Amino acid sequence: MSRSQHDVVVVGAGFAGLSAARALARRGYDVVLLEARDRVGGRTHTRYLSNGTQIDLGGQWLGPTQETMYALAAEFGIATFPTASHGSPVYRIGDRQLEEPPAAVDRLLQRVDNLARDIDPDRPWASANAAYWDSITLRGWLDAQDVGTPDERALVGRMLAGGLQTVEAAEVSMLGLLFYVRSGNGVERLLNMRGGAQQDRVFGGPQAIAQAMADSLGSEVVRHNQRARRVEWDTGVTVHTDTHTFPARQLVMAIPAHIVPELDFSPPLPVTKQIALRSLLPGIGLKLHLVYPTPFWREAGLSGQSNHSTGSITETVDNTVPGDEHGVLTGFAYGVDALALRRLSPTQRPQAVVESLLPVFGQQLREFTDFVEFDWSTESLTQGCFSARFGTHGWMSHGADLMAVTGPLHWAGTEYATVWNGYFEGAVRSGEAAARAVAEQL
Ligand SMILES: Cc1cc2nc3c(=O)[nH]c(=O)nc-3n(C[C@H](O)[C@H](O)[C@H](O)COP(=O)(O)OP(=O)(O)OC[C@H]3O[C@@H](n4cnc5c(N)ncnc54)[C@H](O)[C@@H]3O)c2cc1C
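Residues numbered from 1 in each chain as written. Predicted model: local features only at pLDDT ≥ 70, side-chain atom pairs only at ≥ 80, totals over all residues. Heavy atoms only, no water.

Taking an unreviewed UniProt entry as the reference, the chain is identified by name as FAD-dependent oxidoreductase belonging to Lipingzhangella rawalii. In its Sequence similarities (unreviewed entry) section, the UniProt entry covering the chain states "Belongs to the flavin monoamine oxidase family." Regarding the chain, the UniProt comment filed under Cofactor (unreviewed entry) reads as follows: "FAD". (UniProt positions renumbered as here; feature names shortened; annotations may be inferred.)

Below you can see the structure in the form of structure tokens.
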């Protein structure tokens, strides 16, 4: 037994759980926050190479309208810096290389933006034409458009289905995409660097913000290496880890929604909740980093930002940190391309990444000093990248059940967020919303 009953036990010390715990502690409640790992921050994790180069293995960017994340960074005196962007981006569409997206690509993105405005982010299943949008995929919608060449439509599919949900356009529910776009304040906000979700980075990585949040709670509250295994609930709750038992009046479950079914609930969760959670599909993206003595692409006038209609890598970005002479080029692979890379050996993988980017960055690309990869799908406490989503007809069938509070059990995490779903900001806001709901019940 941990000790006498807490007011609230929060499970999972990512941004959602940390925010819920802080909001409850601020209201004067006795909170304990259980984290299975020996670190906090969940899907954000920063590693330093032996030469000191900062590599953000997980989430890294902040952008305008993500006010709570900027406020947290400011509260703890953690500085942000603009994402490197020293030259021209490249849009590689079939064999063409352009500095700006062609008009057809912009028009298709604009159409998606317009459709997303009609979605109710709090209840996407209740939006106009929701059943229709949830019955078709992004790929189906793109194929029916009278705009653009097949390569241009493929690029749009990769930018939206890949760049936002890390899978193929043929896997993405159109309602799921429109909800995601609405919750992230539109296509431009989501895709852009300047003025968009990729605008700023964090010195020390966003994990530094998570660590500061944990420090503000203290080690009495944040308990590392406490993996919740079993949850007993009726009017109150008891959470069992491998070594301790934590009784409380209310619970905030802030672990990735798609791995909740791995816990043993007694009594079992309502069957509709179980089905909703099991219907979530984790993303399968890969984030890979090539490190060089210098950011050599800048000499050729390139920004390092590139988008590709085909090939292993869908997009790249210059991930060099100011003050570090080393250049970091980070690439993202999604859907079948991410699966194909996983089938290669560790020595074949960097070669395949380099080959796919040679047409844009040239032979110097072969001269990397480090290749850093981290597969979030192999992490048992995450099992996906970036976040989880419903497939077709998921929001219609299971959306309300996913969001519902279950007696003393409250749900937090980016997967439940109605604003900036899939992002740190959504995780923080969902944690704060869960804390408000808990406070009402207490
Ligand atoms: C490669 C990658 C790139 C991304 N890029 C960005 C980006 O640039 N900007 C952005 O805003 N977002 C980005 N994201 C998404 C962002 O990281 C997530 O939305 C956010 O971190 C989710 O926070 P969370 O608190 O909901 O979940 P998590 O961060 O997953 O936290 C859940 C916590 O629960 C713990 N846990 C799991 N099971 C148990 C258990 N049984 N008992 C106790 N603890 C448990 C985990 O260890 C973890 O600490 C990215 C994600 C990835 C993977």
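This next bit is on helix H9 (residues 206–217). With 12 residues, H9 should reach 16 Å at 1.5 Å per residue; the first-to-last C-alpha distance of 17 Å fits that figure. What H9 keeps buried is the set Pro 206, Gln 207, Ile 209, Ala 210, Ala 212, Met 213, Ala 214 and Leu 217. Following H9 by one or two positions, Gly 218 adopts a phi angle in the positive range, close to 95°. (Helix = DSSP H or I, 4+ residues; strand = E, 2+ residues; numbered from the N terminus. Expected span 1.5 Å × (residues − 1). Buried < 20%, exposed > 50% of the residue type's maximum accessible area, 1.4 Å probe, protein only.)

What follows is about the site of the ligand. Lining the immediate environment of the ligand, one finds 37 residues, of which Glu 35, Arg 43, Trp 61, Thr 414 and Phe 424 sit closest. In the environment of the ligand, an oxygen atom lies 2.6 Å from a nitrogen or oxygen atom belonging to the side chain of Glu 35. Gly 42 is positioned such that a nitrogen or oxygen atom in its backbone is 3.5 Å from an oxygen atom of the ligand. Coverage of the ligand by the protein amounts to 98% of the 1,000 Å² it exposes when considered alone. Mapped by element, the contributors of at least two residues to the shell around the ligand are helix H1 (15–26) and helix H14 (424–441). Residue classes in the shell around the ligand are distributed as 21 nonpolar, 11 polar and 5 charged. (Near = heavy atom within 4 Å. Polar contact = N/O pair within 3.5 Å; in protein donor to acceptor, adjacent residues only side chain to side chain. Areas by Shrake-Rupley, 256 points an atom, 1.4 Å probe, with all protein chains shown as cover. Nonpolar A, V, L, I, M, F, W, Y, C, P; charged D, E, K, R; others polar.)

With numbering matched to this structure, UniProt assigns "domain: Amine oxidase" (unreviewed entry) to residues 15–438. Helix makes up 35% of residues 15–438 and strand 20%, and the two end C-alpha atoms of the span are 17 Å apart.

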